[in-house]
Amino acid sequence: MFAERIRQLRAERNLKQDEVAEEVQLSTRGYHYLELGRLPKYETLLHIADFYGVSVDWLMGRTERREVWLYGRAVVARWILRIPSWGATTRRACQPPCL
């Protein structure tokens with residue numbers, strides 16, 4: 001699954017293996033092996049996910065949701081502000097960066 005997905009991503013962006021390899025800090029041969037089915041080391045997996053802007057779970061075939069799901073601080077902060085029963089003190093305590 002991983003190999004198929006990185007080949008798909010590279011093809012969608014019309015990139016060559018050596019271009020991607022350089023961006024994700026691999027040798028061209030190392031990246032080539034990934035596209036042939038070798039599983040990446042953790043650090044490499046993160047580099048590839050960041051480079052393509054996709055989730056690690058999607059790359060590894062654990063989900064069909066391609067985009068990175070950030071239950072980010074800004075989203076949580078907006079959600080908290082909509083809860084009328086929470087007073088200002090609670091809202092302040094839950095503002096980023098504590099989330």
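Up top is the structure.
This report concerns the structure included in the present document. (Residues numbered from 1 in each chain as written. Predicted model: local features only at pLDDT ≥ 70, side-chain atom pairs only at ≥ 80, totals over all residues. Heavy atoms only, no water.)

## Considering the packing of aromatic side chains
Now for step 1: Counting across every chain of the model gives one aromatic pair.
Now for step 2: Relative to tyrosine 52, the ring of phenylalanine 51 has its centre 4.9 Å away and its plane inclined at 65°; by these criteria the two rings are edge-to-face.
Now for step 3: Here tyrosine 52 falls in the buried class, since its relative accessible area comes to 4%.
Now for step 4: Taking the ring centre of tyrosine 33 as reference, the NZ or CZ of arginine 38 above it sits at 4.5 Å. (Phe/Tyr/Trp six-rings, centres within 6.5 Å; stacked < 30°, edge-to-face > 60°. Buried < 20%, exposed > 50% of the residue type's maximum accessible area, 1.4 Å probe, protein only. Lys NZ or Arg CZ within 6 Å of the ring centre and 35° of its normal.)

## Section: helix α1 (residues 2-12)
Now for step 1: Taken together, the buried positions of α1 are occupied by Phe2, Ala3, Arg5, Ile6, Leu9 and Arg10. Take α1 and look down its axis: the buried residues cluster within an arc of 165°, on one side only.
Now for step 2: Tucked into the core, α1 has its buried residues touching α2 (17-23), α3 (28-36), α4 (42-52) and α5 (56-59).
Now for step 3: Just past α1, the residue asparagine 14 takes up positive phi, approximately 50°. (Helix = DSSP H or I, 4+ residues; strand = E, 2+ residues; numbered from the N terminus. Arc of directions from axis to C-beta. Contact = heavy atoms within 4.5 Å.)

## With respect to the pattern of salt bridges
Now for step 1: Throughout the structure, instances matching the rule amount to four salt bridges.
Now for step 2: With a closest N to O distance of 2.6 Å, glutamate 35 and arginine 10 form a salt bridge. In this pair, glutamate 35 is assigned in helix α3 and arginine 10 in helix α1, connecting sequence segments 25 residues apart.
Now for step 3: Here arginine 62 makes a salt bridge to aspartate 57, at a shortest N to O gap of 3.0 Å. (Salt bridge = Lys/Arg side-chain N within 4 Å of Asp/Glu carboxyl O.)

## Thoughts on the nonpolar core
Now for step 1: Judged by nonpolar contacts, the single largest core of 15 residues is most densely connected at Phe2, Ile6, Tyr31, Ile48, Tyr52 and Leu59.
Now for step 2: Counting residues per element, the ones that place at least two in this core are α1, α2, α3, α4 and α5.
Now for step 3: With four residues, the single largest contributor to this core is α4.
Now for step 4: With residues near it in sequence (within four places) discarded, isoleucine 48 still touches Phe2, Ile6, Val24, Tyr31, Leu34 and Leu59. (Core = buried A, V, L, I, M, F, W, Y, C linked by side-chain atoms within 4.5 Å.)

## Structural notes on the environment of arginine 62
Now for step 1: Within the secondary structure, arginine 62 sits in the loop between α5 and α6 (73-81).
Now for step 2: Given the relative accessible area of 67%, arginine 62 is considered exposed.
Now for step 3: With 61 residues separating them in the primary sequence, arginine 62 and methionine 1 have C-alpha atoms 9.4 Å apart.

## A look at the packing of α1 against α3
For any two helices packed against each other, the geometry comes down to the angle between their axes and how far apart the axes lie.
Now for step 1: Where α1 meets α3, the closest approach of the two axes is 6 Å, and the angle between their N-to-C directions is 120°. Facing Phe2, Ala3, Ile6, Arg7 and Arg10 of α1, the residues of α3 in contact are Tyr31, Leu34, Glu35 and Leu36.
Now for step 2: Split into classes, the residues belonging to the contact of α1 with α3 amount to six nonpolar, no polar and three charged. (Axes fitted to C-alpha atoms, helices over the stretch in contact; angles between N-to-C directions. Nonpolar A, V, L, I, M, F, W, Y, C, P; charged D, E, K, R; others polar.)

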